[in-house]
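Residues per chain are reported as follows:
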Amino acid sequence: MSTEQHDADAYGQELARISHHQHEATDARFMVFQALAAVGIGHEQADDIVAKLEAGAVAGAHTWISESSPPHGSEQRFEDGWFAGVRDVASYLLRIADTTATAGRGRAASSAMLVAHLQQPASPAPQEAPEPVPGPAAPALDAKDVLAAVERFPWAVAAPGERHWPDGGDFLDVALSAVRPEEREGYIERLEAFVEQHRPRLEEMLRTHGPGSKPASHGRYALIGQPETLVIVERIESAPFLLRRQWEKELETVFLDDLEFVWGPRIRLSR
């Protein structure tokens, strides 16, 4: 094995471990919000408590980095470079801690909304796709045609009875609103090509985080398995900033954050 291949494998293993810790932290945060809500802690106070805990974890990393030392017996130039790098990393960690301590607003409320959704009785699957809801910002694309197209990929979506939302029209409307006017002609054909191109990735996402999976049992990743999600991930790849801007106007960002985390886009816009 070449040095380059070994380095690439080692880096891939590091990314996998980081992804594991991020996933575990997301589940833990969700359970903490549930526990705080159960004892009467309000959403704003719960957000403050969790943000301070997360900022403290970053501060601990700052301390560990700041107290590190170069290998014993290193040359002076190496030591000077080492400490300069340590100062840069420590300063960056401090900025992250400051930001984390004041960020994260709305996460407790989003957690409560997910819990309320899970406690609702399951709705029967509709016999046919609903008519698109008219409105001033309704997409020019026909939502029924788009749904009919993505339903032709059963290996990428959950069975109707296993889906969280038998009618995911709100999610589809927002995703389609992120399709630019110049992209609408031939969009369905390009969407179908996108799904075929990413078949292994979509199958893995449904298997690991879809309905019935361990992550989904905690109430997260509720969009995975929805047919509308195929449009959403296509937009995550093609127009991530426009999608998020449209999403934040209409929907809770926790759903998009979860999907973005699992999909692993080139540009990650969630925290």
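In what follows, the structure referred to is the one given above.
The structure contained in this document is the topic of the report that follows. (Residues numbered from 1 in each chain as written. Predicted model: local features only at pLDDT ≥ 70, side-chain atom pairs only at ≥ 80, totals over all residues. Heavy atoms only, no water.)

Focus: the packing of aromatic side chains
Right, on to step 1. All chains considered together, the criterion is met by five aromatic pairs.
Right, on to step 2. Each ring, one from phenylalanine 78 and one from tryptophan 82, has its centre 6.2 Å from the other, and the planes form 40°; the classification is tilted. In this pair, phenylalanine 78 and tryptophan 82 both sit in helix H3 (residues 76-102), four residues apart, roughly one turn of the helix.
Right, on to step 3. According to the relative accessible area criterion, phenylalanine 78 is partly exposed, its value standing at 44%.
Right, on to step 4. Ring geometry for phenylalanine 194 against tryptophan 263: centres 6.2 Å apart, planes inclined by 45°, an arrangement best described as tilted. Of the two residues, phenylalanine 194 is situated in helix H7 (residues 187-197) and tryptophan 263 in helix H12 (residues 253-263); the sequence distance between them amounts to 69 residues. An identical accessibility class is assigned to phenylalanine 194 and tryptophan 263; each is buried.
Right, on to step 5. Ring-pair connections join several aromatic residues into one group, and the members of that group are Phe171, Trp247 and Phe255.
Right, on to step 6. Sitting over the face of the ring of tryptophan 263, arginine 201 holds its NZ or CZ atom 3.8 Å from the ring centroid. (Phe/Tyr/Trp six-rings, centres within 6.5 Å; stacked < 30°, edge-to-face > 60°. Helix = DSSP H or I, 4+ residues; strand = E, 2+ residues; numbered from the N terminus. Buried < 20%, exposed > 50% of the residue type's maximum accessible area, 1.4 Å probe, protein only. Lys NZ or Arg CZ within 6 Å of the ring centre and 35° of its normal.)

Some remarks on the nonpolar core
Note that soluble globular proteins tend to have their nonpolar side chains buried in a common cluster.
Right, on to step 1. Core analysis: the biggest nonpolar cluster contains 47 residues, and Leu176, Leu202, Val231, Ile232 and Trp247 have the highest contact counts within it.
Right, on to step 2. Secondary-structure elements contributing two or more residues to this core are helix H5 (143-150), helix H6 (169-177), H7, helix H8 (199-209), helix H10 (228-238), helix H11 (240-250) and H12.
Right, on to step 3. The greatest single-element share of this core, amounting to seven residues, is contributed by H12.
Right, on to step 4. Those residues within four positions of tryptophan 247 in sequence are excluded, and the remaining contacts are Phe171, Val174, Leu223, Ile232, Glu252, Thr253, Phe255 and Leu256. (Core = buried A, V, L, I, M, F, W, Y, C linked by side-chain atoms within 4.5 Å. Contact = heavy atoms within 4.5 Å.)

Some words on H6
Helical periodicity: at 3.6 residues per turn, an α-helix aligns residues three or four positions apart in one direction.
Right, on to step 1. Inspection of H6 places Phe171, Leu172, Val174, Ala175, Leu176 and Ser177 among the buried residues, and these make up the whole buried set.
Right, on to step 2. Where the residues of H6 are buried, they touch H5, H7, H10, H11 and H12.

Just distances and angles here, no functional claims.
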